[in-house]
Amino acid sequence: MKEFDFVRAGTLSEALEFLAVRHTATRVIAGGTDLMITLRRNDPSWPGPGYILDLTGLDCLRGISREGDRIRIGALTTHTQLAESPLLKDKVPFLSAAAFSVGSPQIRNRGTIGGNIINASPAADTLPPLLALEARCRLVSREGERDVSLTELLTGPYRTSLRPQEILKEVYFQIPGEGTGFSFQKVGRRKALSISRLSVAVLLSLVEGQVGKARVAVGAALANAARLPEVEEFLEGRLLDRDVAQEAGKLAAEKVVEITGRRWSTPYKEPVLLALVRRALLAAGAPQSP
Amino acid sequence: MSQFRSVNHPVRRVDAYEKVTGRAKYAADLRFDGMVWGKVLRSRYPHARIRSINAEKARSLPGVLAVLTAQDVPGAKTFGIVVPNQYLLADDRVRYLGDGVALVAAETESIAQAALALIEVEYEELPGVFDPLAALEKGAPTLHAEAPDNLAVHHHVQKGDLAAGMAEADLVLEREYRTQFIEHAYIEPEAVLALPTHPFGHYLTIYGSFQNIYNIRRSVAKVLALPLNRVRLVQATLGGSFGGKDEVMHAMAGRAALLAQATGRPVKMVNSREESILESYKRHPYILRYQAGVKKDGTISAMKIEVYADAGAYASMTPFVTWRSVVQATGPYQVPHVRTDIYGVYTNNTYTGAMRGFGSPQVCFANESFMDEIALELGMDPIEFRMKNALVDGSVTATGQVLNRHRVSLKEVLSQALEAVQYQDKVREYRRFNETNAEKKRGIGVAVSYRGVSLGGEGTDAAGAYVSVQQDGSVIIHSGLVEMGQGLRTIYTQIVAEELGISADRIVFLDTDTSVNLDSGPTVASRSTIMGGSAMKDAAGRLRLTIHGVAADKLEVAQDDLTGEAGIIYSRNNPEKKITFEEAVRHTALRGLRLTELGWYQGPKVSWDEEHGQGDAYFTYVYAANVAEVEVDAETGQVEVLRFTAAHDVGRAINPENVRGQIYGGVAMALGYGLLEEVEMDKGVTRNLNFDEYFVATTMDVPDIQAIIVENPDEFGPYGAKSVGEPTLEIGAPAIANAIAFATGKRLRELPMDLERVLLGHSLRERRTKRGSVER
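Definitions and limits used
- Residues numbered from 1 in each chain as written.
- Chains lettered and ligands numbered in written order.
- Predicted model: local features only at pLDDT ≥ 70, side-chain atom pairs only at ≥ 80, totals over all residues.
- Helix = DSSP H or I, 4+ residues; strand = E, 2+ residues; numbered from the N terminus.
- Rg over C-alpha atoms; globule rule 2.2 N^0.38 Å.
- Buried ≥ 20, exposed ≤ 12 C-beta atoms within 10 Å, placed from the backbone.
- Pairing = 2+ DSSP bridges.
- Right-handed = clockwise from strand over helix to strand, strands pointing away.
- Axes fitted to C-alpha atoms, helices over the stretch in contact; angles between N-to-C directions.
- Contact = placed C-beta atoms within 7 Å.
- Parallel < 35°, antiparallel > 145°, perpendicular 65-115°, else oblique.
- Nonpolar A, V, L, I, M, F, W, Y, C, P; charged D, E, K, R; others polar.
- Domains from an automatic or database assignment.
- Expected span 1.5 Å × (residues − 1).
- pLDDT = per-residue confidence, 0-100.

A.B. asks: Looking at this model, I keep getting lost on the overall build of chain B. Mind explaining?
C.D. replies: The helix and strand inventory of chain B stands at 20 helices and 30 strands. Taking 2.2 N^0.38 as the reference for a compact globule, 776 residues should give roughly 28 Å; the C-alpha atoms of chain B span a radius of gyration of 27 Å, in line with that estimate. With the principal axes as the frame, chain B shows a C-alpha extent of 75 × 75 × 50 Å. The buried share among the 776 residues of chain B stands at 59%.

A.B. asks: So what exactly am I meant to see when it comes to the overall build of chain A here?
C.D. replies: Looking only at helices and strands, chain A features 12 helices and 14 strands. Taking 19 Å as the expected radius of gyration for a compact globule of 290 residues, we find that chain A reaches 19 Å, a close match to that expectation. Along the three orthogonal principal directions, the C-alpha set of chain A runs to about 60 × 45 × 35 Å. Of all 290 residues assigned to chain A, the portion counted as buried reaches 48%.

A.B. asks: Explanation requested: the pairing of strand β16 (residues 300–312) of chain B in the structure shown.
C.D. replies: Remember that side chains alternate between the two faces of the sheet whenever the strand is regular. All names here are of chain B. Across the 13 residues of β16, 12 count as buried, placing the element largely inside the fold. Across 9 bridges, strand β15 (residues 286–294) lies against β16 in antiparallel orientation. Note on β16: the bridge partner recorded for leucine 288 is valine 307. What sits between the antiparallel neighbours β15 and β16 is a turn of 5 residues, in which glycine 298 has the positive phi angle 95°. With helix α9 (residues 318–328) bridging β16 and the parallel strand β17 (residues 337–346), this β-α-β connection has right-handed handedness.

A.B. asks: How should the sheet that holds strand β1 (residues 4–8) of chain A be read in this particular structure?
C.D. replies: Pairing between the strands of a sheet is mediated by backbone hydrogen bonds and can be parallel or antiparallel. All names here are of chain A. Spatial strand order, β1-β3-β2: 3 strands in an open sheet with parallel pairing. Edge positions in the open sheet fall to β1 and β2 (26–29), since each of these has one partner strand only. Direction aside, the axes of adjacent strands within the sheet are offset by 25° on average. Bridge analysis of β2 against strand β3 (residues 50–54) gives 4 bridges, and the strand direction is parallel. Bridging from a neighbouring strand, valine 28 pairs with leucine 53 of β3. Sheet contacts for helix α1 (residues 12–22): β1, β2 and β3; angle to β3, the most-contacted strand, approximately 160°.

A.B. asks: Would you mind showing me how to read the packing of helix α10 (residues 360–378) of chain B against helix α11 (residues 382–389) of chain B here?
C.D. replies: Angle between the axes and distance between the axes are the two parameters that describe a pair of packed helices. Residues and elements named next belong to chain B. It is the contact of α10 with α11, at a shortest axis distance of 9 Å, that shows an interaxial angle of 110°. With respect to α11, the axis of α10 lies roughly perpendicular. Seen from α10, the contacting residues are Met371, Asp372, Ile374, Ala375 and Leu378; seen from α11, they are Pro382, Phe385 and Arg386. Across the contact of α10 with α11, the residue classes break down as 6 nonpolar, no polar and 2 charged.

A.B. asks: How should the domain arrangement of chain B be read in this particular structure?
C.D. replies: Frequently, the measure chosen for interface size is the accessible area that the parts lose on association. Residue and element names in this part refer to chain B. The domains assigned to chain B are domain 1 (16–23 + 462–602), domain 2 (31–126 + 191–270) and domain 3 (286–456 + 609–760). Each of domain 2 and domain 3 has a C-alpha centre, and these two points are 38 Å apart. Counting from both sides, the interface comprises 16 residues of domain 2 and, opposite them, 21 residues of domain 3. In the side of domain 2 that touches domain 3, the residues fall into 6 nonpolar, 7 polar and 3 charged.

A.B. asks: Can you walk me through the domain arrangement of chain A in this structure?
C.D. replies: All names here are of chain A. As far as domains go, chain A holds domain 1 (4–54), domain 2 (60–174) and domain 3 (180–285). One C-alpha centre belongs to domain 1, the other to domain 2; they are set 20 Å apart. Each side of the interface is counted separately: domain 1 has 14 residues, and domain 2 has 17 residues. When residues of the side of domain 1 that touches domain 2 are assigned to their parent elements, the largest contribution, 6 residues, is made by α1. Looking at the side of domain 1 that touches domain 2 residue by residue, the classes come out as 7 nonpolar, 5 polar and 2 charged.

A.B. asks: How should the interface of chain B and chain A be read in this particular structure?
C.D. replies: With 23 residues of chain B at the interface, the matching set in chain A holds 24 residues. Sorting elements by how many residues they give to the side of chain B that touches chain A places helix α20 (residues 755–760) of chain B first, with 4 residues. Classifying every residue of the side of chain B that touches chain A gives 9 nonpolar, 5 polar and 9 charged.

A.B. asks: Help me understand helix α19 (residues 732–744) of chain B, please; the structure alone is not making it clear to me.
C.D. replies: Residues three or four positions apart in an α-helix share a direction because the helix packs 3.6 residues into each turn. Between its terminal C-alpha atoms α19 of chain B stretches 18 Å, which fits the 18 Å expected from 13 residues at 1.5 Å a residue. Of all 13 residues in α19 of chain B, 13 are buried, a share of seventy percent or more.

A.B. asks: Would you mind showing me how to read the confidence of the model for chain B here?
C.D. replies: Reading fine detail from the predicted coordinates is not recommended where pLDDT is low. Within chain B, residue pLDDT values average 96, and 98% of them lie at 70 or more. In the predicted structure, residues 769–776 of chain B sits below a pLDDT of 50 and forms 18 contacts with residues beyond four places in sequence or in another chain.

A.B. asks: What exactly am I supposed to notice about the environment of aspartate 701 of chain B here?
C.D. replies: Tracing the backbone shows aspartate 701 of chain B in the loop between β29 (685–686) and β30 (704–710). For aspartate 701 of chain B, a count of 22 C-beta atoms within 10 Å corresponds to the buried category. Considered as a pair, aspartate 701 of chain B and alanine 417 of chain B are 284 residues apart in the sequence and their alpha carbons are 22 Å apart. Not counting chain neighbours up to four residues away, the residues in contact with aspartate 701 of chain B comprise Arg190 and Lys191 of chain A together with Leu671 of chain B.

Next comes the structure, spelled out in structure tokens:
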């Protein structure tokens with residue numbers, strides 16, 4: 001394992017102060033479910049981080065709360081907490097479902113939503129539902145706070161626009177209106193401890209069968225988890241039936257292949273993405289869908 | 001009511017408490033004063049000549065005690081049980097990526113690791129060969145001087161007149177199947193701790209995660225040029241093996257011993273998971289070409305089978321693994337005319353060897369898939385087709401063996417499994433389900449097998465046992481066959497308890513130590529119950545005779561009127577006449593009679609005629625039937641095994657709970673073999689070195705398993721017991737393949753049946769540049 005100095009922050013301002021000075025040599029750790037693997041891999045071409053700044057003592061970064069018509073989730077909130085939160089299960093069940101699909105109980109107990117966002121794996125499970133919710137992220141540094149959309153934050157595979165002096169403090173989103181439907185669909189190689197081969201999150205509001213608002217986000221399909229605006233536009237205003245869902249799936253697959261080009265995995269991902277988008281739409285559009 | 005008091009009951013495992021409470025000491029837990037760490041520098045290329053090795057910089061690193069290469073090996077440079085062509089350290093050539101090139105001993109593990117990077121090896125890369133068919137072509141790169149054609153072994157079976165058999169057929173069908181490299185995936189990576197020569201005893205001691213402890217000792221003695229009595233191996237608690245901790249441990253134990261002798265210090269070596277997967281041998285990938293001639297009524301008239309096994313860089317167990325394959329390749333069917341050829345071929349891939357199943361999972365996958373394919377062509381029900389051709393009492397196998405010494409229970413196990421799942425109802429139910437569902441499809445599939453018990457024609461088959469009654473009536477036992485999780489210690493304890501008429505908690509099982517135990521051959525081939533169990537029964541039975549003789553004298557009854565139960569020896573005719581076991585033992589000791597016995601059991605005669613490909617290959621066989629029920633997501637290729645039913649004739653279940661445990665574990669491994677697992681070799685380079693990318697079935701993937709124990713006692717086994725370890729995983733994959741074919745109408749002939757194969761019918765392979773889920 002790489003050698004490093006381990007620094008545990010007692011307060012947020014202490015953490016930000018440390019980062020302001022030593023950010024170039026520091027990696028931040030929360031649950032460590034991704035970083036520990038990198039450290040243990042001992043890649044000789046990487047000298048190691050110098051410092052590991054541990055945030056897990058910062059209780060102010062923990063927890064799920066409702067603030068008016070918003071839900072805010074502290075960056076240190078674990079996948080288990082997301083999966084078990086009565087508030088999330090009630091208002092945005094697809095986010096709980098996505099969190100529950102992560103790894104194993106051990107990983108869900110340690111891994112955090114902040115880590116899932118900032119690690120920015122293309123296959124990160126909580127990102128498609130957060131994108132569909134148009135979540136925003138609050139980033140803090142010694143110099144102050146800034147607020148960016150999750151879409152802006154994600155810039156590529158394992159890349160974000162987070163500055164090295166910054167920490168992700170929390171993520172928040174508007175509570176969707178009554179009657180909104182949700183669905184999270186994931187294909188993995190096995191039932192647990194499985195990185196997504198593909199995932200789809202759909203948020204849908206229907207008025208008498210007609211699509212009002214549609215949000216469609218995909219994981220493990222593009223360089224980073226992302227919404228598919230053309231598919232959303234296609235859906236809005238249409239009567240949702242199997243044919244429309246199928247068309248939307250086809251469009252989603254086309255758009256993804258347009259962006260990625262044909263790759264080794266395309267013969268698999270193209271038809272499967274179509275099916276997952278169709279299923280997600282029909283599930284989200286079904287009455288009282290989970 | 002069982003006729004037995006200890007045997008045939010679900011006695012609690014004798015080693016469970018230490019394991020579940022974390023008290024058991026595994027090899028990596030051991031520490032000695034003055035201990036130093038050993039590390040191996042492995043090859044940079046799958047095939048290369050070593051021009052030079054410069055270890056000066058590594059030697060001068062503070063904390064480094066020794067850097068050793070092939071020239072420091074005092075004895076033989078190579079080891080190997082069948083063909084000794086594997087190098088302890090590569091001398092002038094590396095043949096696969098896991099080959100060891102140099103060794104380091106240092107004060108700490110990190111210094112040892114740092115020293116590896118300072119060893120300068122100049123290689124001349126050689127063209128490699130990575131496919132067994134390509135390796136057999138003229139002009140292919142070769143690996144071993146003694147095998148200019150890259151052929152490690154060729155076995156055949158020849159019965160009847162193949163051409164005549166094919167001519168009789170109304171239908172001739174040909175299919176090709178392929179299987180993959182499989183990692184044992186034992187939870188404990190390999191570890192050893194070698195102590196240098198004991199100053200008074202003149203022997204060296206090596207503790208380690210050993211499976212075949214006597215074979216490992218032989219290799220260590222050979223490379224160190226020591227007689228066997230100067231090399232003592234002690235088995236630490238073993239964290240799983242599945243056939244895997246054999247040759248890789250010959251190398252590791254030999255290397256640690258070499259470092260211990262060079263430094264005069266205890267040397268510990270522990271593989272990381274990556275090192276383990278890189279270096280350790282795998283289950284062979286096979287290419288299997290099956291041809292069968294079948295008559296309209298469903299009778300098989302002939303089979304022609306050609307198999308190519310990728311042996312990788314060294315012979316290891318390939319000659320024996322492929323022999324079991326050639327014997328069992330036609331499956332448990334009556335086939336009058338047979339020709340089977342199997343070729344084990346050297347390549348620059350990771351070498352392949354023993355793994356649970358030992359040459360059967362591959363041929364079972366091909367053969368049992370093929371049976372369903374033939375039935376489909378004939379328009380016949382696959383069960384009816386199997387029943388029609390099944391081996392029965394008195395049948396003649398492909399190798400010409402008449403099955404007349406045991407109950408041929410194939411039809412019985414199959415019927416029991418089918419009845420338990422209500423097979424015909426399920427067939428109808430799933431057909432209806434599939435008519436009304438487009439996205440999900442359900443299927444049910446069956447596979448059966450017969451399996452030769454123990455080593456068979458592979459070689460000498462005998463085992464010993466030590467049973468010693470102490471003067472207070474407590475008992476010490478030990479055995480040269482080893483516990484590796486399969487439950488051997490519990491089984492042997494039960495057998496001794498049964499014979500002596502005492503409870504199992506009076507018995508203590510000692511660790512396995514080559515200098516103390518009786519060399520009983522390898523703990524393989526599902527042989528420890530039948531071989532070692534018989535030896536235990538022999539030793540304990542003779543002790544019973546001694547002790548009961550004394551008791552009969554004391555009680556003034558005939559000795560054959562005595563029986564023992566729960567620590568009391570009493571007269572059957574007059575139960576009032578009784579004596580405690582302790583008291584009888586005390587009198588036995590007072591009379592100066594021996595209270596320790598060595599038991600021995602020699603396997604019944606088997607025969608093999610390699611020239612004619614015929615023989616009585618094994619002295620008895622076990623029979624099994626598996627039924628898989630699956631749901632296939634027709635749009636994503638995801639397969640969920642809904643339910644699994646496994647019926648096994650074990651002769652007699654010494655411990656029914658343990659038998660069920662073997663079945664559950666075997667099914668889980670079979671599911672991984674069928675659906676998930678593959679060591680990806682890319683031109684000799686292992687791509688998936690840890691369990692983030694090598695997928696074993698998790699507990700969430702394993703369905704409800706219905707284990708059915710069938711008992712037809714065998715004349716050669718203790719209380720009729722035969723074996724169960726390996727048959728439990730050999731037919732899971734074809735049962736699942738047949739269920740998938742039922743569900744989707746598509747036949748998959750390659751393993752694993754992963755998402756891509758199920759959806760598209762073929763695999764997709766990523767050309768990875770790096771591993772992992774994090775970018776820096």
